[in-house]
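Observations on the model geometry
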Amino acid sequence: MKLIYEKSQPGRRASALPHYENLPAPPELPDELRRSEPPRLPEVPEFELVRHFTELSTRNFGVDTGFYPLGSCTMKYNPRINERLAALPGFARLHPLQDDDGAQGALELMWRLQEILAEVTGLDAVSLQPAAGSQGEVTGLMLARAYFAARGEDEQRRKVVVPDTAHGTNPASVTMAGYELTHVQTDARGNIDVDDLRGKVDEHTAALMLTNPSTLGLFDENIEEIERIFHGAGALMYYDGANLNAVCGISRPGDMGFDIVHINLHKTFSQPHGGGGPGGGPVAVRDVLEPFLPVPAVVRREEGGFGLDYDRPQTIGKVRGFAGPFGVFVRSYAFMRMWGPRLREMSEVAVLNANYVLARLKEAYDLPFDRLCMHEFVVSARSLKREHGCTALDVAKRLMDYGFHPPTIYFPLIVPEALMVEPTETEAKETLDAFCDAMLALAREAVEDPELLKEAPHYRPVKRLDEVRAAKNPVVKYGFAEPPVAEGEARPVAAEAPKGA
Amino acid sequence: MTHPFLALTDSDREEMLGTIGVGSVEELFGDLPEAVRFGRELDLEPALSEQEVFEHVAALAERNADASRELSFLGAGMYDHYVPAVVDTILQRGELLTAYTPYQPEMSQGVLQAIFEYQTAICELTGMDVSNASGYDGTSVAADACYVAKYVTGRDKVVVTETTNPQVRQVVKTYAAGFGLEVVEVPHRGGTTDPNELERAAVDAAAVIFQQPNFFGCLEPAPDLVAAAADGGALPVAHVDLLSLGVLEAPRRYGAALALGEGQAAGNFPSFGGPHYGFLAARQEFIRRMPGRIVGETVDTAGERGYVLTLQTREQHIRREKATSNITTNQTLLALGGLVYLTWLGPQGLRELGETCLSLAAYAKQRLEEKAGLEPLFADQTTFKEFAVRVGRNAREVVADARAQGVHPGYALGRDYEGMDDVLLVAVTERRTPQEIDRLADVLAEVAR
């Protein structure tokens, strides 16, 4: 399909702006600051705009389109009431620098959300500021640094322990926060290898970063021992909340011993993923870490009402503008109020759904760790690859032909040909069955007609795309044609493609 | 009672537990040590129905003085520009709204093509060669730029002008502490930055960040600031307002290495601070140091054009601790709002909008002077859509008194700048009519001084 720039014709436009009479002429801008060439934005009428983006939407697949078991991403239903609420003028048109007395409703909502998150995580204080999980991570590590700096231990404690199953964001956050990485291995049951761990945690350790249940979808059975090791060495424990959907109301990170937790509001608490974002990554902490939280803090005033508190002398500062992505808070707050204490049921069904799909797929796919899973699980296409040349990628692409979004593939890194499946609590048994039937059918196809997988997808708007070519010679914006020459003969398209890099 | 967001019937559950081979849901949690099991019910208020949650949350919204209830001249980084209906319409398409990062391109051509078109728009506006798919906001992209500059130059200091949004400076300082970068601020001289002073500060700096138009609304001598940065070998980084770029020069044209900023003004509601999108664009030479997602063009096995996430070896899921950033979830939906908005405006609309802002701000300055006797703080500076005025007494009190009359007159600069306790930063967008500006002048005539 054409790009919007290829539908553009000079002189067309979708906007009409207000015209005000008797205004002074715009002030003369100095030559060197004045725009010299207009930007080539699209020129289309309004209906063309709507048709273009509507057509784009038909070439995209969301949770609203169908089953989206993308492991580790918690692609659950996003209730529409949340959209209506976030769009209310009292929220959407509220300026973040409004005085506290003109923002009482918004501040109360944030304060209430903090209270709910503290209860769900089992911790004492919450900052809603971080914009996403990875920003929550780096915030959490900065909190650890501030905490140790206040104790005179920042220079001594330079290491953060991260297991080999971790999301890539964990090690990347470690570097961004100025820490050094210590890897720890996974044992034969899919838990952290505690023997490996013991030798790696000492007075130079600042923290552990752990996702529990892990990216293998397994709850770490040695969590109590891990807690003793870290706290025994004077280190902190950081909980990556990516998999919180497994344990709401069932087990709380604070009760597991974690001191710092980030919560992904776009995963567990239903902020729509928006094709890549927005998200929300609030951080919850134990009381000893509260003084270091980002400013402003949302507080309930003794004299009544709610306010933003900037007077936090030990704060790490700010990681994002204002008090955080407020529209995300509205959606997650509404979602949590519609569940209340029944959040436990939400997590139970998420775990039940995952175990059901796992039980049905075990016969056709390799299972790296033969245990019950939590809200997601990892199987491997290793045998399919060895015996029939069909990789996890081929499985993923063929699944598209059956009308499903593929699972996460090739992650976690310790499982070869990994397929990571997270059904969430949303799906009906019929949907889960249809997915399992498809997975089993294509495992048979791999035996009978492997080309069917290798050439998939067959029924999407595009065939399999060449990612290597895209990276080798990156074309990252539209290459505008030169303006027509005098005779009206168009010149060939000038590739704006890079000169190598 | 079943929950509206669940589907399993009792018989489904029984059957599923049977297939799994366990007797109860409890058994599925057998791996959890007894000590970490939560022994009670969550202490939360009972679940509400949709109608109840609507009434409750709508009542909270009613208690806010938003721009539909108060005549607002607040800006300072977030602006009350008009957001056309087409933006809402497109962003509410479920196929786009409820998708995630397009890891599987054949399922996600819609979002991928939209991001490619967005990247093109950002490059056109800034004059740059490459744009990412968005960052969190206008503050975090500035911190990202510091990370780029640290690795490109190997230096350990960044310079930020004092006329850069205070929130941007604060976020840069917070992140820079982690990176191991020192942050140096260069004070303003009469509302803008002195290039000579900047040049001295830029020696041995990795980057120089300045804002155009700056936080006071004034136009910086951007080409001179860029030259001052470049002379010292620092990367010149321009923090710009997309909506100014129909009338103001593209940062690449005056030599910026990176251009970035807050996208809210272009297509997002203020929404009490977010979610919005930060944009980040750079010259070609920095493409492999860019943080975040980038979409590239390619072909499928039939030779047809298509789009994929590209240059992923920069990113955390592959490069892990050596990644150019830890970002994964970004602000794609809000950036899509930006693309729809910029498409709606078109090049003509963008220029007209810029001229309207310039004219309205000039009109506002004139009226405040004539009717309220308030003089612009930096009278000889050209301003875009925002300007500072002295109000003769504590500006926070002036704000409170004006609000009592239904007008929010602007941002009290004393919150961030010493010696400016009596200064108000007044923003006008195309949504403020001349009559509304007259009303501001009348109210300030009464409450100022």
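All figures in this text were calculated on a predicted structure; none of them were measured in a lab.

1. Quick notes on unusual backbone geometry
Residue and element names in this part refer to chain B. In this structure, P213 follows Q212 across a cis peptide bond, with omega equal to -15°. Here P213 lies in the loop between β5 (207–212) and α10 (222–231). A cis amide bond, omega 0°, links G274 with the succeeding residue P275. Along the chain, P275 turns up in the loop between β7 (258–262) and β8 (278–282). Positioned with a positive phi, D204 is a non-glycine residue whose angle comes to about 65°. Inspection of the secondary structure assignment puts D204 in the loop between α9 (195–201) and β5.

2. With respect to the environment of P457(A)
The residue P457(A) is located in the loop between α15 (450–454) and α16 (467–472) in this model. Each C-alpha atom, one on P457(A) and one on Y410(A), is 18 Å from the other, the two residues being 47 residues apart in sequence. What P457(A) contacts, discounting residues up to four positions off in sequence, is K397(A), M400(A), D401(A), K463(A), R464(A) and E106(B).

3. Focus: helix α10 (residues 326–339) of chain A
Residues and elements named next belong to chain A. Here α10 spans 20 Å end to end across 14 residues, near enough to the 20 Å set by a 1.5 Å rise per residue. Counting buried positions over the 14 residues of α10 gives 14, a clear majority of the element. Among the residues trailing α10, G340 stands out with phi positive, at a value near 55°.

4. Brief notes about the nonpolar core
Residues and elements named next belong to chain B. With 316 residues, the main nonpolar core has A145, C146, V158, A207 and L258 as its most contacted residues. The element best represented in this core is helix α12 (residues 332–372), accounting for 20 residues. If we skip the residues at most four places from it in the chain, V158 touches C146, A149, V172, A176, L181, V183, A205, A206, A207 and I209.

5. Thoughts on the domain arrangement of chain B
As far as domains go, chain B holds domain 1 (10–62), domain 2 (71–83 + 347–447) and domain 3 (86–339). Measuring from the centre of the C-alpha atoms in domain 1 of chain B to the corresponding centre in domain 2 of chain B gives 51 Å.

6. Topic: the sheet that holds strand β10 (residues 377–380) of chain A
Residues and elements named next belong to chain A. The antiparallel open sheet is built from 3 strands, whose spatial order is β10-β12-β11. In this open sheet, the two edge strands, each paired with only one partner strand, are β10 and β11 (408–409). Both β11 and strand β12 (residues 418–421) contribute to a ladder of 2 bridges, which runs antiparallel. Counted as the bridge partner of I409 is L419 from β12.

7. Here we look at the interface of chain B and chain A
Contacts between chain B and chain A engage 175 residues on the former and 175 residues on the latter. Take the side of chain B that touches chain A: its biggest share by element is 25 residues, from α12(B).

8. Here's the deal with the sheet that holds strand β13 (residues 411–412) of chain B
Note: strands within a sheet are paired through backbone hydrogen bonds, in either parallel or antiparallel orientation. Residue and element names in this part refer to chain B. Read across the sheet, 3 strands follow the order β11-β14-β13 without closing on themselves; strand pairing throughout is antiparallel. If you trace the sheet from one side to the other, it starts and ends with β11 (386–390) and β13, each paired once. Across 2 bridges, β13 lies against strand β14 (residues 423–427) in antiparallel orientation. The residue bridging Y411 from the neighbouring strand is L425, located in β14.

9. Points about the packing of helix α11 (residues 343–361) of chain A against helix α14 (residues 429–448) of chain A
How two helices pack is summed up by the angle between their axes together with the distance between the axes. All names here are of chain A. Their axes nearest at 10 Å, the elements α11 and α14 cross at an angle of 30°. Considering the angle they form, α11 stands roughly parallel to α14. α11 and α14 meet at a crossing whose hand is right-handed. The residues of α14 that touch α11, namely those facing N353, Y356, V357, R360 and L361, are L432, F435, C436 and M439. Considering only residue class, the contact of α11 with α14 consists of 7 nonpolar, 1 polar and 1 charged.

10. Thoughts on helix α4 (residues 104–121) of chain A
Residue and element names in this part refer to chain A. When the terminal C-alpha atoms of α4 are compared, their 26 Å separation across 18 residues agrees well with the 26 Å that a helix rising 1.5 Å per residue should span. Here α4 has its buried residues at G105, A106, L107, L109, M110, R112, L113, Q114, I116, L117, V120 and T121. Looking one or two places after α4, you find G122, whose phi comes out positive at around 75°.

11. A short note on the packing of helix α13 (residues 395–403) of chain B against helix α14 (residues 434–447) of chain B
All names here are of chain B. Orientation of α13 relative to α14, taken along the N-to-C sense of each, is 120°, at an axis distance of 10 Å. Considering the angle they form, α13 stands oblique to α14. As for the relative orientation of α13 and α14, their crossing is right-handed in sense. Along its contact with α13, which presents V398, D401 and A402, the element α14 presents V443, L444 and V447.

12. Thoughts on the confidence of the model for chain A
Across chain A, the average pLDDT comes to 95, with 96% of residues at or above 70. Low confidence marks residues 484–501 of chain A, where pLDDT is under 50. Its contacts with residues over four positions away, or in another chain, come to 25 contacts.

13. What to know about the environment of P163(A)
Residue and element names in this part refer to chain A. Along the polypeptide, P163 turns up in strand β2 (residues 159–163). It is 9.0 Å that separates the C-alpha atoms of P163 and T211, two residues lying 48 residues apart in sequence. Setting aside residues no more than four positions away along its own chain, P163 makes contact with V184, T186, I192 and L210.

14. Brief notes about the confidence of the model for chain B
With 100% of its residues at a pLDDT of 70 or more, chain B has an overall mean of 97. Across the interface, the model reports ipTM at 0.98; the global pTM reads 0.97.

Reading guide: rules and limits
Residues numbered from 1 in each chain as written. Chains lettered and ligands numbered in written order. Predicted model: local features only at pLDDT ≥ 70, side-chain atom pairs only at ≥ 80, totals over all residues. Helix = DSSP H or I, 4+ residues; strand = E, 2+ residues; numbered from the N terminus. Contact = placed C-beta atoms within 7 Å. Expected span 1.5 Å × (residues − 1). Buried ≥ 20, exposed ≤ 12 C-beta atoms within 10 Å, placed from the backbone. Core = buried A, V, L, I, M, F, W, Y, C linked by C-beta atoms within 7 Å. Domains from an automatic or database assignment. Pairing = 2+ DSSP bridges. Axes fitted to C-alpha atoms, helices over the stretch in contact; angles between N-to-C directions. Parallel < 35°, antiparallel > 145°, perpendicular 65-115°, else oblique. Left-handed = near helix turned anticlockwise from the far one by under 90°. Nonpolar A, V, L, I, M, F, W, Y, C, P; charged D, E, K, R; others polar. pLDDT = per-residue confidence, 0-100.

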